[in-house]
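Residues per chain are reported as follows:
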Amino acid sequence: MSDLYYGVAYYDEYMPEDRLAQDIALMRETGINVVRIAESTWSTLEPQEGEYHFYHIDRVLNAMHQAGIAVIIGTPTYAVPAWLVAKHPDILVTTAEGQQKYGPRQIMDIVNPTFRRYAENIIRTLMAHVQNHPAIIGWQLDNETKHYDNVGRYMQEGFVRSLQEKYPSLDRLNHDFGLDYWSNRIDSWDDFPPVENTINASLACAFSRYQRQQVTEYLAWQAEIVREYAQPHQFVTHNFDFEWRGYSFGVQPRVDHFAAAKALDIAGVDIYHPSQKHLTGREIAFGGAITRALKGGNNYFVLETQAQGFAQWTPFPGQLRLQAFSHVASGAAMVSYWHWHSIHNSFETYWKGLLSHDFSRNATWQEATTIGADFARLSPQLAGLRAENDVALLINNEAMDALNQFRPGDAQGNVYNDIFRRFHDALYDHNIALDIINDVTEETSRYKTLIVPGLYAADDGLLTRINRYVEQGGRALIGFKSGFSDENVKVRSSVQPGILHSACGVTYSQFTLPEDVTVAACTSALDCREHNAAELWMELLTPAPGTRTLLRYQHPAWREYAAATEADYGKGRALYVGFLPQKTLISQLFDTLTDGLELRSRTSAYRYPLITRTLRNRDGKRIHFLFNYSGDSQEMLAETSGTELLSGKSVTLGEPLRLRGWEFSIIES
Amino acid sequence: MSDLYYGVAYYDEYMPEDRLAQDIALMRETGINVVRIAESTWSTLEPQEGEYHFYHIDRVLNAMHQAGIAVIIGTPTYAVPAWLVAKHPDILVTTAEGQQKYGPRQIMDIVNPTFRRYAENIIRTLMAHVQNHPAIIGWQLDNETKHYDNVGRYMQEGFVRSLQEKYPSLDRLNHDFGLDYWSNRIDSWDDFPPVENTINASLACAFSRYQRQQVTEYLAWQAEIVREYAQPHQFVTHNFDFEWRGYSFGVQPRVDHFAAAKALDIAGVDIYHPSQKHLTGREIAFGGAITRALKGGNNYFVLETQAQGFAQWTPFPGQLRLQAFSHVASGAAMVSYWHWHSIHNSFETYWKGLLSHDFSRNATWQEATTIGADFARLSPQLAGLRAENDVALLINNEAMDALNQFRPGDAQGNVYNDIFRRFHDALYDHNIALDIINDVTEETSRYKTLIVPGLYAADDGLLTRINRYVEQGGRALIGFKSGFSDENVKVRSSVQPGILHSACGVTYSQFTLPEDVTVAACTSALDCREHNAAELWMELLTPAPGTRTLLRYQHPAWREYAAATEADYGKGRALYVGFLPQKTLISQLFDTLTDGLELRSRTSAYRYPLITRTLRNRDGKRIHFLFNYSGDSQEMLAETSGTELLSGKSVTLGEPLRLRGWEFSIIES
Amino acid sequence: MSDLYYGVAYYDEYMPEDRLAQDIALMRETGINVVRIAESTWSTLEPQEGEYHFYHIDRVLNAMHQAGIAVIIGTPTYAVPAWLVAKHPDILVTTAEGQQKYGPRQIMDIVNPTFRRYAENIIRTLMAHVQNHPAIIGWQLDNETKHYDNVGRYMQEGFVRSLQEKYPSLDRLNHDFGLDYWSNRIDSWDDFPPVENTINASLACAFSRYQRQQVTEYLAWQAEIVREYAQPHQFVTHNFDFEWRGYSFGVQPRVDHFAAAKALDIAGVDIYHPSQKHLTGREIAFGGAITRALKGGNNYFVLETQAQGFAQWTPFPGQLRLQAFSHVASGAAMVSYWHWHSIHNSFETYWKGLLSHDFSRNATWQEATTIGADFARLSPQLAGLRAENDVALLINNEAMDALNQFRPGDAQGNVYNDIFRRFHDALYDHNIALDIINDVTEETSRYKTLIVPGLYAADDGLLTRINRYVEQGGRALIGFKSGFSDENVKVRSSVQPGILHSACGVTYSQFTLPEDVTVAACTSALDCREHNAAELWMELLTPAPGTRTLLRYQHPAWREYAAATEADYGKGRALYVGFLPQKTLISQLFDTLTDGLELRSRTSAYRYPLITRTLRNRDGKRIHFLFNYSGDSQEMLAETSGTELLSGKSVTLGEPLRLRGWEFSIIES
């Protein structure tokens, strides 16, 4: 990977007419150097059991190779053919709502042995057919794999077996999960009830974790098969996705990205985001940070992102370029659109590609050609960029599951992600670049600051390691509800916030929901005249002696309690916040916590909509990105000297710069 | 039918006590001259299999005949008796939500052979019993028949057979429907999957069309049976209904009214509408226009409409009269209330009839007596009225299905009808009387203007005929999304709006959702200072050379694109509008398009709430209706001379007229 | 019961560690003198079929006895163990949504004979084991028993049998229920269809009544078993609950409290209510009034209420005391929290007890200790209080079912309770203390005033008895829709409001929904300048000669109709109101109706948030409670002389008193 990849998904199978030659000519005009093919085409590849049809794959491979365009082939397993379902109806997944009906993709039971047998066969058949083709640079396992809320027989039986291995005695399970409550005890493995309607959060979360493990196991199984055929220079990747709220919103609850990525060579992801006047770059940033983390900070592939996308996403002039380079500034080695053309039938007819249905050179496509040219021209400087952040944010699937089992008040949906996004976005807007981690270890000490939002369930070990991180000199911003329950989602009967109270120097026994509650600053370093609402949750904090109260609740009944505190602990410092602050208050709390620290992650004195990022390229040079995430011109003073790569002009520290609406600049220093 | 019919539905079966004689006396006092009976009384007629009970029907027929009141008998098949379901549970329809449970009406599987056998038997038994009764003037087949979202075995098997007939080879089906997408290919008829959960819009729309065809077939089958017994002077009708949103909102998606009406002698319909201060006459107008179209512009029956109806519909003084004569002004030959009395038990206890539960002479009934008297007195002038409109509006079930598969943005429900109603209501409010058509043929040339909203799916033939209509001198107002996809809901890969671009002189490749977008006029003929919001959808239009840009988008990113254009084509003119305009803007666009045309459909210079209609009676005289659809008095100058039929006074052109709240006037000229 | 009970629910089974000794020590410090145990612990008691485990029960009984804390034992039947469901899956209840899945409590089929057999066994086994333990003062049958929307085979078969007993001939059933409508007739018992999807309100309401009867029968069956073992000094009670809207909102639709309470010695209840700034005391008042009525006005147990409860209920300082004494002022002999500690796992982890999960002495617990001390100190004066109200309000499960079948307009949910609460709360805020009754008999004459909201379905007998109540001197406030239909939910074909029109001197034939309608006063005794909206429903009333029109509608179309009327009838007076008034207007109508009456129920000239109650204690002394239901200080003049019990100070009539926020006072006179 010495170059930036600029790609599209391409489905010769879906074309209303033969356009391959025209498309390839137009791709070259666009600067496309890689295509993704095949990942949803099982029924075309194997139209009847044991009958194979390689027409489209062969001709696309040959034509792309001839044109010098690289190919990534996806295993075709995430949509099953009608004949397979007709023959084996039980391969369709059963969820709490019942067995799914044929029609959509991603409705198979990935732990069903019959499905596995047929999936293995089509993977092996495809691999054997194409394995030596020189166009292929890598393989994508399945696509956006998840457990599809599988509560079927195989999933439940496997779950019970996994518990039997962990708990030779049911007494311990009953105790750890609190199953005595409401007569939920299980005193014989034979009585183990279906879990899909359980009211026991410990059991529900354990099952959810087991479901994620099956996704990990399934991808590892595919990887193993693929590697039997793959050539050494070819990579194995997967297209992960995120919690979906009409766009990529937050941490994916149905996959453990960190565990699943172990089977891959390179991490891949799709990132879709609001556009037009709602384009902020926030999803590109958090999605990039998570994906970058999966393989140790290495570059990753954006295997899918929008060109035109939904009708409401048709980009304003300049936005497509801004997006592409924002991915690069997060560490992406590839920006690939889903998809080249716009599909004429079926379901995603209005999820438009780079080309509209008429295949003409539209305005969005025209902008794409400038990206293709710039990627080619600037690859020497921009390929292989590495982030050098010293701020980390901890995410955790188990904490997410647990917190979402006990949503505060009327909160709906994945409230863990609402909290995660609030903290992430506050720092993004404040131009604090961060890494994502999913555990705290000795290695975490390379970060000067650690953000821990909503770590609701965690074992003693993790909490102790967080304390130790602080003790050894780290600064930690710990959010409400962290430390509250153990790894079995049992609330600790100790003082709260559990083990973390040592580092945080604060305790609480009671909490409530904030209704018309604001917070007031107890230190001149914080300005709470605006954006001071306490949201979502409110813990009635009592600081230990020596702990500094930073914020206090403004409410007749609760004014004696602290809302945020800061304590020194060993060589470090921990800031605890007992409620959900608004973004600007989070950024102030961050500044208070990091007072006196020199942070590489603090890339600018400016704030959103001016977003900056600094990475180091292969030559060891620093690359500074300046993005204007607004439709209005922005003025700023250069924060570094160097060469602006797009224009070739030199820039001097302190020189006035001007970015037009949605424009950006790249300075090499 | 030499007289206007004034009727009620009457259910002797439902009476808490024997009131037949009293009711008939009161009906005569009201001016009722026709009753509708029997259509939901299967369990009374056949209380056990093969046991028949004609008590209520016989005594009502005899008593009505004696009183000189005509009777329409409905076949009793739209609600099935408990014994039939107990014996044959499979006759209950299966929808995507599963098999329906006994209780409501309209839950049978109309293609189930067992249901057909029992239905045929009760129809034949009833017909044989009553066929010679002199009170009967006609027969109603079933009631508000639809397919009830039937996805049962018989429906799906029939659908697959119909595809097999059309597509001897599955390759063509796979291609036309784009089934390669997401592995939905079908390569053996034996594998044909159930379609209720398909994500393929082409397949879903084909199935929906097949479901409607079964309604057509079912009514034709009933008509054939009934005609074996019916006497020559008796008519066969059916009570169609519309898309229901708590009232008759728009085109019925589950019946093809035009196809189904072929089996009838006279079209019948129920029209329910908002009342009190929400009474506008719009539903009476569009419902009348559709029903009038079903049998070539002939008069139709309003077999059901509200007297008191829902509690929120209790009419203000004057409204019941206004409604009755509005039906007549749309071409109705009958106004019949559902129903005479108010039902004391069960489900529709609060859907009140002309009489309340106490059978007393309430205020609404008192107003009805004046209608009865006026219908009798004015039948010579008002029976057999014919509309003479030269503006037509095209509706189409297939376009509706297709458009609703791809609703713009967050739009919910039947968005096709939202668009249809916007265009219809704009012209209604502007006093443009229109006919409804569901195809464009050579005959369409008798209309000077054609309105085409949301013709999302159409074959080449229809689009070509629309072009030819314009070429030959017609003026067409073409709405956004028209022409976009073919008859299989495959988006055209040509330039958009497909074949229509020839007549319209405009193209587009991209579109988006309007967010805070307004339009600005490019011609002094349009005034866009108010009501200028672009709603729902926005196509980025590029006019061809010679095409006039009428409107342009007001938005920083899209200001170079046209929003509406007008082009000359052959002898005619086509106006294309790329977004959903507000009503007053639609009426301005209509005026621009029809500039210089003399239109019979333009019945007034006034606007809503003053609504006018002009029809021709049997004597060749023009009848002008003037309705005040508001609670306030309205002043106007007479737009014709003649005799005011209610008062008998003469009116002179230009003379000041005054209508009190909810009052109307009828001038014969 | 010579003392006030102060209690908690206690689950040794759920404890994360052995805390029994510590807990009991802390309970004694709190003043706890009773605990409730065991009611949801079947799976702990009988971990496998026939294996019993009395460890927790024995040790708790022994330890409590030693500490002088009394124990109430609940039969453990309201949550079933996994082994029982594994063995007999059919014991899970089937509702209209299908059979329930294992997990939650309260999902058993209480009429299933298999369930009954196992339930009887565990009750007998438990009773035999503990029956002689001296700690036990009483038994609680099951918990919050309801029919769980049971539409299973046993429930439906039983229902049909009950109809067969009542209706030897189906003709009468068809007639009474109006089953001819939409072919719902049943002409053979063998054809009787499942009723869960019926559209016939008469049938649906009859089934609902039958379901409630099975709850009555089930509790009586448990009571009989328990009494075989119980000692004479022990009571049998049950923990009833109310319609739940996130708190105890209104009359419980799934239980006939009056019928079910016949099996009990003492009525018990749980009352949960909004807290913090939404604390009003209204739920404590209506819940207390209903429960007090169940055993002839005797004291009752509040077996469950919140200590901390939901996070949004964490009490403000002072509120826990205010709540406890409000229960006493309604006639409670016990205030018992659910529950002592906060549960660490499973489902209700955030329904917090008196102690938080950390078992520390939190602020709420500290306030509880003052209640414990005051209960102990003031029991001589406050135990055994009796209300002496002369205003009654009639509630009725059958009227509720019927009215909710025909909700006005867009009303959702249990609209009967919305109406009930409006009338109840209006009088509560007006300091009118009332009793609840569920029938009108000769005994009702001891009340000077009767409130009848929403008595939609009633047989002739009840309506006649209401008329007679008025005739004999009572004053009745009759709400809209009362008297409309008979006991089979058949609308009366007489003039409305049915038989009540005699006493009320008013009739109506038509009604509508109010849209922007207000009412105007026709008498100077009423002030309608504010709070004058007609809500929910509006009957177009015509007063009979001699009837006084109190209110008239303000609306162009309806201004001739009365909105509320008052008539003298015999020695009494009836006020009829044809719409839903706002609370202050209801209190004005009440004052008009009771003009000149001396009412013991009128306990104060002040209004909410100052709430007063007067009861008589065992010594025959009057106890006056003064509650400040607001966070602000309130000033008032003493309305009685006597001794303030909390402070011991004497108070003189007319003396200025001051209550701080959420403070209260108790004066013995």
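The model shown is predicted, which means the values in this text are computed figures rather than measured ones. (Residues numbered from 1 in each chain as written. Chains lettered and ligands numbered in written order. Predicted model: local features only at pLDDT ≥ 70, side-chain atom pairs only at ≥ 80, totals over all residues. Heavy atoms only, no water.)

On a plain count of helices and strands, chain A comes out with 17 helices and 34 strands. A compact globule built from 669 residues would reach a C-alpha radius of gyration of about 26 Å, and chain A, at 26 Å, matches this within 12%. Here the C-alpha coordinates of chain A stretch approximately 75 × 75 × 40 Å along the principal axes. Per-residue burial over chain A gives 68% buried out of 669 residues. Taking all contacts inside chain A whose residues are at least 6 apart in sequence as the whole, residues at least 24 apart take part in 74%. By element, 47% of the accessible surface of chain A is carried by carbon and sulfur atoms, the whole surface being about 21,600 Å². Seen as two clouds, the 60 positive and the 79 negative side-chain charges of chain A have centres 5 Å apart. (Helix = DSSP H or I, 4+ residues; strand = E, 2+ residues; numbered from the N terminus. Rg over C-alpha atoms; globule rule 2.2 N^0.38 Å. Buried < 20%, exposed > 50% of the residue type's maximum accessible area, 1.4 Å probe, protein only. Contact = heavy atoms within 4.5 Å. Areas by Shrake-Rupley, 256 points an atom, 1.4 Å probe, with all protein chains shown as cover. Lys, Arg positive; Asp, Glu negative; His and termini not counted. Charge placed at Lys NZ, Arg CZ, Asp CG, Glu CD.)

Below, the discussion takes up the UniProt feature "active site" (unreviewed entry) in chain A. Residues and elements named next belong to chain A. Within this numbering scheme, the UniProt entry marks Glu144 and Glu304 as carrying the feature "active site" (unreviewed entry). A maximum C-alpha distance of 10.6 Å places the annotated residues, which cover 161 residues in sequence, within one compact spot. Along the chain, Glu144 falls in the loop between strand 6 (136-140) and helix 6 (153-166). In this view, Glu144 contacts Arg105, Gln106, His238, Asn239, Asp241, Asp270 and Glu304; residues no more than four positions away in its chain are not counted. (UniProt positions renumbered as here; feature names shortened; annotations may be inferred.)

Of the residues lining the interface, 48 residues belong to chain B; the matching set on chain A comes to 50 residues. The contact between chain B and chain A buries some 4,100 Å² in all, and 53% of this surface belongs to carbon and sulfur atoms. Area buried by chain B at its contact with chain A is led by Tyr181(B), Trp182(B) and Ser183(B), which between them contribute 19% of it. The tally of links from chain B across to chain A stands at two salt bridges. The residue Glu196(B) makes a salt bridge to Lys101(A) at a minimum N-O spacing of 3.4 Å. Scanning the region where chain B abuts chain A turns up 32 residue pairs in polar contact (both at pLDDT 80 or more). Within the residue set of the side of chain B that touches chain A, elements represented by two or more residues are helix 7 (170-177), helix 8 (201-229) and strand 19 (511-512) of chain B. (Buried area = accessible area lost by both parts, 1.4 Å probe. Salt bridge = Lys/Arg side-chain N within 4 Å of Asp/Glu carboxyl O. Polar contact = N/O pair within 3.5 Å; in protein donor to acceptor, adjacent residues only side chain to side chain.)

With that settled, the discussion passes to the nonpolar core. Core analysis: the biggest nonpolar cluster contains 651 residues, and Leu382(A), Leu551(A), Leu382(B), Leu551(B), Leu382(C) and Leu551(C) have the highest contact counts within it. Sequence-distant contacts of Leu382(B), that is, excluding residues within four places in its chain, are made with Leu4(B), Phe325(B), Val328(B), Ile623(B), Phe625(B), Leu645(B) and Ile666(B). (Core = buried A, V, L, I, M, F, W, Y, C linked by side-chain atoms within 4.5 Å.)

Per the UniProt annotation, the sites labelled "domain: Glycoside hydrolase family 42 N-terminal" (unreviewed entry) are residues 10-376 of chain A. Split by type, residues 10-376 of chain A is 40% helix and 12% strand. Its first and last C-alpha atoms lie 21 Å apart.

Take the relation of the copies chain B and chain A next. Mapping chain B onto chain A calls for a rotation angle of 120 degrees and an axial translation of 0.0 Å; the resulting RMSD is 0.0 Å. The superposition operator between the copies reduces to a three-fold rotation axis. (Least-squares fit on C-alpha atoms with pLDDT ≥ 70 in both.)

All names here are of chain B. Strand order in the open sheet formed by three strands is 19-21-26, with antiparallel pairing between adjacent strands. Bordering the open sheet on either side are strand 19 and strand 26 (579-580), each of which pairs with just one other strand. Sheet topology note: the strand 19/strand 21 (residues 535-539) ladder contains two bridges and is antiparallel. Directly across from Thr512, in strand 21, lies its bridge partner Met538. (Pairing = 2+ DSSP bridges.)

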